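# A closer look at the structure
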Amino acid sequence: MDHHHHPENDDCYTGLAVNSGVAQPPSVNPYLTKRRRKPLPSAGEMVEGILKGDVTMLSRAVTLVESLSADHQALAQEVIEKCLPYSGDSRRIGITGVPGAGKSTSIDVFGLHVLRSGGKLAVLAIDPSSERTKGSILGDKTRMEKLSTHPGAFIRPSPSAGSLGGVARKTRETIVLCEAAGYNNIFVETVGVGQSETAVHSMVDFFLLIQLAGTGDELQGIKRGIMEMADGIVINKADGDNIQRANLAATQFKSALRLFPTPASGWSPEVLTYSGYYELGIAEVWDMIDRYFEFVTANGYFEAKRAEQSRYWMYETINERLHRHFYNDPRVKEMLAEGEQLVLDRRRTSFAAAKSVLDDYFHRKG
């Protein structure tokens, strides 16, 4: 019997119908090209969904804000504009800390504490290094175990598109959308390095710095600028045999803060200890934040700061658009390359080279 003989074709099986084998489908889905993506909802539909608190609509709108496509940007701006009257009614809290300070665990327990007292929470991030590292907060999202499954929380990693200015502007716009969707607590987190704190500071009401005790050089590891921005410093891992060290670090920070001038808010930053892991001292941290909001609402600083931030973002947006328009101009690109070479060859001064590019640009746009 040759190996091609199929036993199922034997006479004794004549009553059975044998189907020929199933043809293998092509490796490329033939419907792929025919399938249209769901058309984008209109600005009106999006806003309606957002105001109802529809998370899918909110996510789609945030994706539009982060998109680089001009059409998406136009639609996103329309949605933001329509959401603006419904935004602003929230507490915006910036959270920073050196890597390893236990930020994710802390955000998880702070977040739950906030959600227990009613309301909703959005956790956004500004991480300009996410281009290179592909986003540390995506890893963090899984470490915020409780929040990532909580129905009252919306977690969004950093938009990875481009410059810090661009990332910050997109986060600022996302805040407006989240507030319109009823998220009355916004956490904006950043890695405690580099310029991103300044960006976060320009969009939050309260800035919380998370520190670790027991490294021996607490004050060395943190930049003075970040210390000056902090409205509250909290020292994590004040548990077990680390409590004494945490208290010592708190004393050091308190004395360091005395050397700084009183901030414009008139509020003297407080230093507290807590344990994110064991959830100790969380309520006290939140009481401090409550006291801060009462204080700055009473003295008018809260409103003044928000107004100043809005003004700042108006100019930031103008600067960014002008910058992009200039550098994306094909003729400018050409002239810059030539000018740069002349400067490098010392055949032209930097000022003359810059002037000729700008003169040409203004002349064409004039």
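Everything below is about the structure shown above.
Before going into details, it helps to say that this report is about the structure given with it. Because the structure is predicted, anything quoted here is derived from the model rather than measured.

## Examining the layout of surface pockets
- There is about 820 Å³ of room inside the largest pocket.
- If you go around the largest pocket, you meet 27 residues; those closest to its centre are Gln77, Arg169, Glu173, Thr317 and Glu320.
- Residue assignment for the lining of the largest pocket shows that the elements contributing at least two residues are α3 (70-83), α8 (164-180) and α13 (301-327).
- When grouped by side-chain class, the residues that make up the lining of the largest pocket number 9 nonpolar, 10 polar and 8 charged.

## Comments concerning empty space enclosed by the protein
- One pass over the structure, following the stated rule, counts 1 cavity of 30 Å³ or more.
- Here the largest cavity is characterised by a volume of approximately 40 Å³.
- Considering the residues around the largest cavity, the lining is formed by Val62, Glu66, Leu124, Ala125, Arg156, Pro157, Pro159, Lys170, Thr171 and Thr174.
- Listed by contribution, the elements that provide at least two residues to the lining of the largest cavity are α2 (55-66), β2 (121-126) and α8.
- The element that contributes the greatest number of residues to the lining of the largest cavity is α8, accounting for 3 residues.
- Tallied by class, the residues present in the lining of the largest cavity amount to 5 nonpolar, 2 polar and 3 charged.

## A few points about the environment of Tyr361
- For Tyr361, the position within the fold is in helix α15 (residues 350-365).
- Sequence spacing of Tyr361 and Val332 is 29 residues, and the spatial spacing of their C-alpha atoms is 7.0 Å.
- With near-sequence residues (within four places) excluded, Tyr361 lies in contact with His325, Phe326, Asp329 and Val332.

## Observations regarding the pairing of β2
- In terms of burial, β2 is a largely internal element, 6 of the 6 residues being buried.
- The alternating pattern of β2 places Leu121, Val123 and Ala125 on one face and Ala122, Leu124 and Ile126 on the opposite face, and all of these are buried.
- Here β2 runs beside strand β3 (residues 153-156); their pairing, made up of 4 bridges, is parallel. Counted as the bridge partner of Leu124 is Arg156 from β3.

## Quick word on the packing of aromatic side chains
- Across all of its chains, the model carries 14 aromatic pairs by this definition.
- Taken together, the ring pairs connect Phe206, Trp267, Tyr292, Phe293, Phe295 and Phe302 into an aromatic cluster.
- Directly above the aromatic system of Tyr183 lies the positively charged group of Lys120, at a separation of 4.3 Å from the ring centroid.

## Some points on the sheet that holds strand β5 (residues 206-212)
- The parallel open sheet is built from 7 strands, whose spatial order is β3-β2-β4-β1-β5-β6-β7. Strands at the two margins of the open sheet, each flanked by one partner only, are β3 and β7 (270-273). Strand-to-strand twist across the sheet, computed as the mean angle between neighbouring axes with direction ignored, equals 20°.
- Relative to β5, strand β1 (residues 91-97) runs parallel, the two sharing 5 bridges. Across the sheet, the residue bridging to Thr96 is Leu209, located in β5.
- Here α8 sits on the sheet and contacts β1, β2, β3 and β4 (185-191); the angle it forms with β2, its principal contact strand, is near 175°.
- Here helix α12 (residues 282-298) sits on the sheet in contact with β1, β4, β5, β6 (232-236) and β7, set at roughly 130° to β1.

## A closer look at the side chain of Ser202
- On the secondary structure map, Ser202 appears in the loop between α9 (196-201) and β5.
- In this structure, Ser202 is in contact with Arg172, Gln309, Tyr312 and Trp313, ignoring residues within four places of it in sequence.

## A word on the nonpolar core
- Ranked by size, the top nonpolar core spans 37 residues in total, and within it Val79 and Leu177 carry the most contacts.
- When contributions to this core are tallied by element, the ones reaching two or more residues are α1 (43-51), α2, α3, β2, α8, β4 and α9.
- Examining the composition of this core, we find that 7 residues originate from one element, α8, more than from any other.
- If near-sequence neighbours (up to four positions away) are discounted, Val79 is found in contact with Ala43, Met46, Val47, Ile50, Ala61 and Leu177.

Quick notes on the rules
Residues numbered from 1 in each chain as written. Predicted model: local features only at pLDDT ≥ 70, side-chain atom pairs only at ≥ 80, totals over all residues. Heavy atoms only, no water. 1 Å grid on protein atoms, 1.4 Å probe; cavity = no way out; pocket = protein on both sides within 12 Å on 5 of 7 lines; lining within 4 Å. Points joined across faces, edges and corners; volume = space filled by probe spheres on them. Helix = DSSP H or I, 4+ residues; strand = E, 2+ residues; numbered from the N terminus. Nonpolar A, V, L, I, M, F, W, Y, C, P; charged D, E, K, R; others polar. Contact = heavy atoms within 4.5 Å. Buried < 20%, exposed > 50% of the residue type's maximum accessible area, 1.4 Å probe, protein only. Pairing = 2+ DSSP bridges. Phe/Tyr/Trp six-rings, centres within 6.5 Å; stacked < 30°, edge-to-face > 60°. Lys NZ or Arg CZ within 6 Å of the ring centre and 35° of its normal. Axes fitted to C-alpha atoms, helices over the stretch in contact; angles between N-to-C directions. Core = buried A, V, L, I, M, F, W, Y, C linked by side-chain atoms within 4.5 Å.

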